[in-house]
Amino acid sequence: MSLKLNSVSLLLDISQRNQSSVFKRLIQILLHLAFLVLRPLTVGVRGICFDVSLNSFLLVKHTYSNDWALPGGGVEVGESIEEALNRELKEEVGIRCKNINVINVYHNVLISKRDHVVICVVNSWEEDMIYEQPRLEISKKKWFTINDLPKNLTPCTRYALKEYVAQLGL
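Keep in mind that this is a model prediction, so the values were computed, not measured.

## A look at the overall build of the chain
If you tally the helices and strands in the chain, you get three helices and seven strands. Taken from the N to the C terminus, the helices and strands of the chain come in the order α-β-β-β-β-α-β-β-β-α. The long-range fraction of contacts in the chain, counting pairs at least 24 apart against all pairs at least 6 apart in sequence, stands at 68%.

Have a look at this one:
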């Protein structure tokens, strides 16, 4: 009897995880379809925050994805790359950028032929003392050392970190 209950419990747990993954993928598709209609060309921005003293990168996990990503998001109409990065990092991780540099542009063909992500390095920042993580968008934020990066990175994040680490010569 105990074996049957454990088997059923395991099947239910697996089923719930699969439903969660399917739901997250559905949300991603719906968001990108909406952007396709509302914005024929999409431009995003991601910020590389590298803490030299900790040898660590700041990453976030969105509620609609199973992968870790650099913090950032969409650039609004009339907004500069710097303004968008400042807004997104303040919203997602409570960081105010002080000095940024654009280092590359990633063409995100997995999302759309029209999706481009500007990769920036945040050279210095201030962390807000009072910050409330947006629960509907961000499920986790965490600093990862170079040698302990998660395997499940978004393709854009993997590309950006690889380029950045190569530039540093690490």
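## Observations regarding the pattern of salt bridges
One pass over the full model with this rule turns up eight salt bridges. With its nearest N and O atoms 2.8 Å apart, the salt bridge here joins Arg-87 to Glu-79. Members of the salt-bridge network, linked through shared partners, are Lys-90, Arg-96, Lys-98, Glu-126 and Asp-128.

## Here we look at a nonpolar patch on the surface
A cluster of nonpolar side chains, namely Leu-26, Ile-29, Leu-30 and Leu-33, defines an oily patch on the protein surface of about 350 Å² accessible area. With respect to the helices and strands, the residue Ile-29 is situated in helix H1 (residues 2-38). For Ile-29, a relative accessible area of 38% puts it in the partly exposed group.

## A word on the state of the cysteines
Under the counting rule described, the total for this entry stands at zero disulfides. Not part of a disulfide, Cys-49 finds its nearest cysteine sulfur in Cys-97, a span of 6.3 Å. Taking relative accessible area as the criterion, Cys-49 reaches 1% and is therefore assigned buried.

## Notes on unusual backbone geometry
Positive phi values are uncommon outside glycine, yet Asn-55 reaches one of about 55°. Taking relative accessible area as the criterion, Asn-55 reaches 33% and is therefore assigned partly exposed.

## Remarks on the nonpolar core
Ile-48, Phe-57, Leu-59, Leu-70, Ile-119, Leu-161 and Tyr-164 are the most contacted members of the largest nonpolar core, which has 18 residues in total. For this core, the elements supplying multiple residues, two or more each, are strand S1 (42-51), strand S2 (56-62), strand S6 (115-127) and helix H3 (155-168). Of all the elements, H3 adds the most residues to this core, at five residues. In this view, Ile-119 contacts Arg-46, Ile-48, Asn-101, Val-102, Ile-103, Asn-104, Tyr-106, Cys-156 and Ala-160; residues no more than four positions away in its chain are not counted. Counting residues in hydrophobic clusters, the runner-up holds 17 residues, among them Leu-58, Val-60, Leu-89 and Cys-120.

## A short note on the confidence of the model for the chain
If pLDDT is low for a region, its predicted coordinates should not be looked at in detail. Put simply, the chain has an average pLDDT of 85, and 86% of its residues get 70 or more. Per-residue pLDDT, averaged within each element of the chain, yields its smallest value for H1 (64) and its largest for strand S3 (residues 68-69) (97). Taken as a whole, residues 1-5 scores under 50 in pLDDT and shows zero contacts with residues more than four places along the chain or in a different chain.

## Brief notes about the side chain of Ser-65
Its place among the elements puts Ser-65 in the loop between S2 and S3. Given the relative accessible area of 8%, Ser-65 is considered buried. A distance of 3.0 Å separates the side chain of Ser-65 from the backbone nitrogen of Asp-67, its partner in a polar contact. Beyond its immediate sequence surroundings of up to four residues, Ser-65 is in contact with Lys-24 and Gln-28.

Conventions and cut-offs
Residues numbered from 1 in each chain as written. Predicted model: local features only at pLDDT ≥ 70, side-chain atom pairs only at ≥ 80, totals over all residues. Heavy atoms only, no water. Helix = DSSP H or I, 4+ residues; strand = E, 2+ residues; numbered from the N terminus. Contact = heavy atoms within 4.5 Å. Salt bridge = Lys/Arg side-chain N within 4 Å of Asp/Glu carboxyl O. Patch = residues over 30% accessible without salt bridge, like charges linked within 9 Å, V, L, I, M, F, W, Y side chains within 5 Å. Areas by Shrake-Rupley, 256 points an atom, 1.4 Å probe, with all protein chains shown as cover. Buried < 20%, exposed > 50% of the residue type's maximum accessible area, 1.4 Å probe, protein only. Disulfide = S-S within 2.5 Å. Core = buried A, V, L, I, M, F, W, Y, C linked by side-chain atoms within 4.5 Å. pLDDT = per-residue confidence, 0-100. Polar contact = N/O pair within 3.5 Å; in protein donor to acceptor, adjacent residues only side chain to side chain.

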